[in-house]
Amino acid sequence: MSNNPYRAPIFTNGYEHTQGRGYELPQYPFIEPTELKTGATHRYDIVIVGGGITGLTLACSLANWGVSAILLDEDNTVGVKGASSRGICYTQKSLEIFIRLGIYETINDKGVQWSVGRTFAGHDEVFAFDLRQQSHFNLSEQPPFINIQQFYIEGYLVERIMAINEQKPLIDLRWMSRVVNFSQNTEYAELEVQTSKGNYKLQASHVIDATGSHTPFHEWCNMSMDSKRGDDRWCIADVKFKDTPPTERHTWIEAPFNENRAVWQHLMGDAVWRIDYQMAPDADPAYVSREDVVRERLKRQFGDNLSCEIVWVGPYAYKSQCLYQLQKDRVYFAGDTAKVVSPFGARGGNTGIADADNLAWKLANVLKGKAPAQLLQSYNDERLEAAQQNVMITRRTARFLRAPQGIEKLMRSAVIGLAKKHAFARVLINTGRMAVANRYTRSSICTDTGGVSVQNVSFQWYDSHYGQLNDLIRWADGRLLLLIFGSISKGDIQNLQQLSQQWPVRVVQVVTPNAYAQSIEHVVDNQGHLKTASHLKDHQWALIRPDNYLAAHGTGVDARLTLAAQRALAY
């Protein structure tokens, strides 16, 4: 048996608390549910298991669509008690989702915006980027990234859910409630829940498992997966400096102050810096995360006159895995239950947020009778493809950062050497391809021209005020949003009226400045951003889903448009 000291920590993207004062987290009360009071077993449409960032995003999204759900979490807080910041980089797509959920401004006030990243090998800069110059990010009203500790976002989601519940109770947050048994049949799923006051059972039509990679639902549902464990080891330090470094994202492939191993450096909320140090594969986790050892490591990086406070420090190891399917009968797998990725490029929590956003509008439309149950099957098509893409991309980064001996090691050394002198080689430097909204090429509900995310761009209302695409998404209220660009004939107007009467579609005409609008519902695309974001060239219309994804675009208000709307709702 191996004496590797990293056999003790769990091989996930979770963390083991070791040093530092940690973070103060909110605590939520256990409220005795009606099942314990009456002894009855009730049936619900939706039960979400897991109150992390994925489960809470899903719950908040459902509440936004006016759909009720039960959320069960075995803890009484957000984040992980005694643990680190966990996920910290939230991409533009997630921020656009948070706009719709009503928590973006709070995140923006607490977090740190950034778009510039620099990569070093030794003392040489070998790669740099500004995400604001890239087409994936350059149109949206939200920045490319905001860095903020994950527990803050989870806390803001809880607060938002509670605020919605004050207007109309929709989400039953059940803390200190652990699912200990599960079964399902053709009519419903049944869950046994353990609490300090005793156990009870409840039934559900749809169960969403968002409990993380150690979920018991994998075994209960007999799920199979592709899984790989790496021997890469890291140590995180969450640090407050007296004199702070630049707010840019800095990474080192070979850091001279870390025995030529990799280092990541990010600023988060509360002026706390997250620094990830790559360790030797056989490093002792207790030793590398000792405060005196960490301080010595920090001095090597920032100088002997360093003045800082260590907020948290701890080691972690990771694995990557991906289920072969994300739905098993009445159970849907989301977030880290669906896939676990190496922490490169911010593809962990962000893809869980996207999972929740994808599933929420589909559940809402099915439960409201606006779409058939077949719509839910597209969740597996779309988010499984996204999961597989993200696992593949992060595995490539992991191999580049710790290339095995042989040809890969030689190739890595050659790339680094060339990148120090030649621009063409710099794009081959792989310290993490930053997360973007995944494209859906296998979607059963998108046409070949659809399946791409539409950025949250600005436009001008008819009264000269400015709005954003998300304003139109909210106005559509769960329906498909049809944007018609340019003039509309009388015949087109009649066809559009008939379309919106027969199907859950809301229509908005988009005109250029000083152009005449034939529709009461119209906006002015004064900078052309709405047309560009909708991926239009010579097309007349764009059909946009409630998750800001393009379902289809085309020319002519005819039967092809009707078929695209039907397909987008799985009819």
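Coordinates for the structure precede this section.
Residues numbered from 1 in each chain as written. Predicted model: local features only at pLDDT ≥ 70, side-chain atom pairs only at ≥ 80, totals over all residues. Heavy atoms only, no water.

*Asks:* Looking at this structure, how should I read the packing of helix α2 (residues 53-64) against helix α9 (residues 349-367)?
*Replies:* The geometry of a pair of packed helices is captured by two quantities: the angle between their axes and the separation between those axes. Taken N-terminus to C-terminus, the directions of α2 and α9 make an angle of 30 degrees; their axes are 8 Å apart at the nearest point. In terms of axis orientation, α2 runs roughly parallel to α9. As for the relative orientation of α2 and α9, their crossing is right-handed in sense. Residues Ile53, Thr54, Thr57, Leu58, Ser61 and Leu62 of α2 form the contact with α9, whose own contacting residues are Gly349, Gly352, Ile353, Ala356, Ala360 and Leu363. Here the contact of α2 with α9 is built from residues that sort into seven nonpolar, five polar and no charged. (Axes fitted to C-alpha atoms, helices over the stretch in contact; angles between N-to-C directions. Helix = DSSP H or I, 4+ residues; strand = E, 2+ residues; numbered from the N terminus. Parallel < 35°, antiparallel > 145°, perpendicular 65-115°, else oblique. Left-handed = near helix turned anticlockwise from the far one by under 90°. Contact = heavy atoms within 4.5 Å. Nonpolar A, V, L, I, M, F, W, Y, C, P; charged D, E, K, R; others polar.)

*Asks:* I would appreciate a short explanation of a nonpolar patch on the surface in the present structure.
*Replies:* Residues Ile407, Leu410 and Met411 make up a contiguous nonpolar surface patch of roughly 350 Å² in combined accessible area. Turning to its location among the elements, Met411 is positioned in helix α11 (residues 407-419). (Patch = residues over 30% accessible without salt bridge, like charges linked within 9 Å, V, L, I, M, F, W, Y side chains within 5 Å. Areas by Shrake-Rupley, 256 points an atom, 1.4 Å probe, with all protein chains shown as cover. Salt bridge = Lys/Arg side-chain N within 4 Å of Asp/Glu carboxyl O.)

*Asks:* What am I meant to see in the pattern of salt bridges here?
*Replies:* Think of it this way: side chains of opposite charge can pair up when their charged atoms draw near. All chains considered together, the criterion is met by 22 salt bridges. Close ionic contact of Arg295 with Glu291 constitutes a salt bridge, the shortest N to O distance being 3.1 Å. One end of the pair, Arg295, and the other, Glu291, are both in helix α8 (residues 291-302), four residues apart, so they sit about a helical turn from each other. Overall, Glu291 belongs to the partly exposed group, its relative accessible area being 32%. Taken together, the shared-partner salt bridges in this structure form one network comprising Lys362, Glu382, Arg545 and Asp547. (Buried < 20%, exposed > 50% of the residue type's maximum accessible area, 1.4 Å probe, protein only.)

*Asks:* Looking at this model, I keep getting lost on helix α5 (residues 150-167). Mind explaining?
*Replies:* Helical geometry note: an α-helix holds 3.6 residues per turn, so side chains three or four residues apart project in the same direction. For α5, which comprises 18 residues, the first-to-last C-alpha distance of 27 Å matches the rise-based estimate of 26 Å (1.5 Å per residue) to within 8%. Along α5, the residues classified as buried are Gln150, Phe151, Tyr152, Ile153, Glu154, Gly155, Tyr156, Leu157, Val158, Ile161, Ile164 and Asn165. Tucked inside the fold, the buried residues of α5 contact α2, β3 (89-91), α3 (92-101), α4 (104-110) and β8 (171-174). (Expected span 1.5 Å × (residues − 1).)

*Asks:* Whenever I open this one, the sheet that holds strand β25 (residues 541-544) confuses me. Can you help?
*Replies:* Across a sheet, paired strands are connected by hydrogen bonds in the backbone, their directions being either parallel or antiparallel. Taken in spatial order, the seven strands of this open sheet run β21-β20-β24-β23-β22-β25-β26, and their pairing is mixed. Either end of the sheet is taken by a strand with one partner, and the two such strands are β21 (466-468) and β26 (550-554). For this sheet, the mean angle separating the axes of adjacent strands, direction not counted, is 35 degrees. Sheet topology note: the β25/β26 ladder contains four bridges and is antiparallel. Paired with Ala542 across the bridge in β26 is His553. Along the sheet, helix α12 (residues 469-476) makes contact with β20 (458-461), β21, β22 (480-485), β23 (505-511), β24 (522-524) and β25, crossing β22 at roughly 125 degrees. (Pairing = 2+ DSSP bridges.)

*Asks:* Sorry, what's going on with the environment of Phe257 here?
*Replies:* Among the secondary structure elements, Phe257 is positioned in the loop between β13 (249-255) and β14 (261-267). Spatially, the C-alpha atom of Phe257 lies 5.4 Å from that of Gln301, the residues being 44 residues apart in sequence. In contact with Phe257, not counting residues within four places along its chain, are Trp252, Val263, Tyr277, Arg300 and Gln301.

*Asks:* I keep staring at the nonpolar core and nothing clicks. Help me out?
*Replies:* Most often, soluble globular proteins have nonpolar side chains that are buried together. The biggest cluster of nonpolar side chains holds 125 residues, and the ones touching the most others in it are Leu191, Leu482 and Leu543. Those residues within four positions of Leu191 in sequence are excluded, and the remaining contacts are Val47, Val49, Val179, Asn181, Phe182, Tyr200, Lys201, Leu202, Ala204, Val207 and Phe217. The next biggest cluster of nonpolar side chains, apart from the first, holds 24 residues, and it includes Val239, Phe241, Trp252 and Val263. (Core = buried A, V, L, I, M, F, W, Y, C linked by side-chain atoms within 4.5 Å.)

*Asks:* Please clarify how the side chain of Thr251 should be interpreted in this entry.
*Replies:* Counting through the fold element by element, Thr251 comes out in strand β13. Look at Thr251 and you get buried, because its relative accessible area is 0%. Engagement of the side chain of Thr251 in a polar contact is seen with the side chain of Thr119, the distance being 3.0 Å. Excluding anything up to four places from it in sequence, Thr251 contacts Arg118, Thr119, Phe120, Val263, Trp264 and Thr431. (Polar contact = N/O pair within 3.5 Å; in protein donor to acceptor, adjacent residues only side chain to side chain.)

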